[in-house]
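Okay, here's what each chain looks like letter by letter:
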Amino acid sequence: MKIKKIKLLTNTTNDIVLKIYAVVLAILIWFIISVTMYPTVTRTINNVPVVPIVTKGTAAEDFGLKPVSFDKKEVSVRIFGKRYNIGDLSAEDLQAQLVIDSNVNKPGEYELEVKIVSKKKTNFEIKNISPSKIKVKFDSIIEKEFPIDVEAPNITVASGYLIEPITANPNTIKVKGPKEEIEKITKVVARTEEKKTLSESAIISDASIVVYNGETVMSKNNLQFDSDKIELRIPILMQKSLPFKLGIQNAPPNFDLSSLKYSLSKNKIDIAAPVNSIKDLGEVHLGYLNLHSVDLNSSFIYNVELPDKYKNLSGNSSINVNFDWSNYSSKTISLDKSKIFVVNAPSKYDIKIKTNNIWNIKLIGPKSVIDKITASNVIAEIDLLEADLNESTYSMPVQIYSPQYHNIWAFGNYNATISVSEK
């Protein structure tokens, strides 16, 4: 039987393959020698993180103290141990813990010893820790509520619009942190750097929180806030200059309103209001003038009353209503029963006028009309259109006017008595 020779190396004439085998063999030999001849090693591991301090069960907890700042957040450590234990350890496998002793019993800065702990519970000997102590500042943790001011330096409004004070939602905020820092806070601000020119109200939802000590911006690193989202509400008002409108009340049915010569101390008012409520507004209602109350030489004062959310930019809180009485006069007349009429009477009732005379009616109008008018030119009218009637006797208001002359009125209120009975 022929025995075949097994070739451990093939293609030995290839230089590249020979080199690869040589490198692998050298590494294997080095590893065997290292483990056999040098089973222990010393290593330096940098950037080992300092973990948060646990104060539970310590004097610091008893006095309500918390760590608020560290002068180092990482350490370096030299360790000694079995090569197979520590050869592949990295900074992520270790923790730098700070040891709190009983001396930490009041606010201040303390140097705490650093202790290295293996997350993998690996056995090794610590040769050196650098730094071996870390300065930690302790303080009482308190909470205080502050009103929120607003800063929006790049918000402007279009021409013809007005910006109202910007408000924050929520308008207060609770800040928790070291007592020393909390007591330095003079104001908390919700600030936006957004740049806008507005012609309608807007909301900005991503305002940042800025904490001030006087005019100096404070660090927020050690502070906690009960709200991390502050809205800025920006109310925008439209401005308009609008005329006043004065309504005339209790004028005779045929009265020529243009004949009433009166003037307002201010004819217009400058106002600002929410866009939707003012954009179609054409006038501002001043009030009603009761013609029955207008006597010779009368004048009136009306308070300017605007709806909620309207602003009076003119500053006029009242308007005077004055009349030109230079060509006006008055006359007193009386009307008998024949000059008293009922209109719009319900068809199911008989209406009878019980009043025989209406005495001492004062008429006012242009002098040229008053000089020639007589009782024959005047009537008293009782309008029952909206009267709620039953069989009874009623004293009803009457409207005094002249069917012939359209620019006179009666000063004062007058009544007549009627009886109502079913037909």
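What you see as residue numbers is a count from 1 along each chain, following the sequence as written. This being a predicted model, a pLDDT of at least 70 is required before a residue's local features are given, and a value of 80 or more before pairs of side-chain atoms are given or counted; all residues contribute to the totals for chains, interfaces and linings. Only hydrogens and water are set aside; all other atoms, that is, all heavy atoms of the structure, feed into the side-chain values.

Colleague: Describe in detail the pattern of salt bridges, supporting the description with residues and values.
Modeller: The working definition used for a salt bridge is a side-chain nitrogen of Lys or Arg within 4 Å of a carboxyl oxygen of Asp or Glu. A complete count under the given rule lists 11 salt bridges for this structure. Of the charged contacts in the structure, one is a salt bridge between K137 and E180, with a shortest N-O distance of 3.0 Å. Taken together, the positions of K137 in strand β7 (residues 133-151) and E180 in helix α4 (residues 179-182) put the pair 43 residues apart, joining distant regions of the chain. Only protein chains enter the accessibility calculation, which uses a 1.4 Å probe; a residue whose area is less than 20% of its type maximum is buried, one above 50% is exposed, and one in between is partly exposed. Residue K137 is classed as partly exposed on the basis of its relative accessible area, which comes to 30%. For R191, the salt bridge goes to E151, with nearest N and O atoms at 2.6 Å. On the criterion of sequence distance, the pair formed by R191 in strand β12 (residues 187-191) and E151 in strand β7 is long-range, its members being 40 residues apart. Residue class for E151 comes out buried when judged on its relative accessible area of 18%. Salt bridges here are not isolated pairs; linked through shared partners, they connect E151, R191 and E193. Helix and strand labels come from DSSP, where a helix needs a run of H or I of at least four residues and a strand needs a run of E of at least two; each type is numbered from the N terminus.

Colleague: Tell me about the sheet that holds strand β24 (residues 318-323), and name the residues and values.
Modeller: With antiparallel pairing, the three strands of this open sheet are ordered in space as β19-β24-β22. At either margin of the open sheet sits one strand with a lone partner, and together these are β19 (262-264) and β22 (299-303). Each adjacent strand pair in this sheet contributes to an overall mean axis angle of 20 degrees, direction not counted. Pairing between strands requires that DSSP locate at least two bridges from one strand to the other. Where β19 and β24 come together, three bridges link them in antiparallel fashion. From the neighbouring strand, S263 faces β24, where its bridge partner is N322. Fitted lines through C-alpha atoms serve as axes, helices being fitted only where they are in contact, and the angles separating the N-to-C directions of these axes extend from 0 to 180 degrees.

Colleague: I'd like a rundown of the packing of aromatic side chains, residues and numbers included.
Modeller: Pairing of aromatic side chains here covers Phe, Tyr and the six-membered ring of Trp, requires ring centres within 6.5 Å, and sorts the geometry by plane angle: under 30 degrees stacked, over 60 edge-to-face, intermediate tilted. In this structure the tally under the stated criterion is eight aromatic pairs. With a centroid separation of 5.5 Å and 90 degrees between ring planes, the pair formed by W325 and Y328 is classed as edge-to-face. Seen from their ring centres, W325 and W409 are 6.5 Å apart, and the 50 degrees between their planes marks the pair as tilted. Of the two residues, W325 is situated in the loop between β24 and β25 (328-336) and W409 in strand β31 (residues 409-411); the sequence distance between them amounts to 84 residues. Overall, W325 belongs to the buried group, its relative accessible area being 13%.

Colleague: I'd like a description of the confidence of the model for the protein, backed by residues and values.
Modeller: Per-residue confidence from the predictor is reported as pLDDT, which spans 0 to 100. Considering every residue of the protein, the mean pLDDT works out to 91; 94% of them sit at 70 or more. The contact rule is simple, with two residues in contact once any of their heavy atoms fall within 4.5 Å. Within the model, pLDDT remains below 50 along residues 1-10, and this stretch shows one contact once partners closer than five positions in the same chain are excluded.

Colleague: Please give an account of the nonpolar core that cites residues and values.
Modeller: To define a nonpolar core, start from buried Ala, Val, Leu, Ile, Met, Phe, Trp, Tyr and Cys residues and group those joined through side-chain atoms within 4.5 Å. Residues I185 and W409 are the most contacted members of the largest nonpolar core, which totals 53 residues. In this structure I185 touches F146, V175, V211, Y212, M218 and L223, once residues within four positions along its chain are discounted. In terms of nonpolar packing, the next biggest core, distinct from the first, is built from 27 residues, L94, L98, I116 and I129 among them.

Colleague: With reference to specific residues and values, describe the sheet that holds strand β30 (residues 392-401).
Modeller: The strands making up a sheet associate through backbone hydrogen bonding, with each pair oriented either parallel or antiparallel. Strand order in the open sheet formed by five strands is β26-β29-β30-β32-β27, and the pairing between neighbours is mixed. Each edge of the sheet is formed by a strand with only one pairing partner; in this case those strands are β26 (340-343) and β27 (349-353). Averaged over neighbouring strand pairs, the angle between their axes works out to 40 degrees when direction is ignored.

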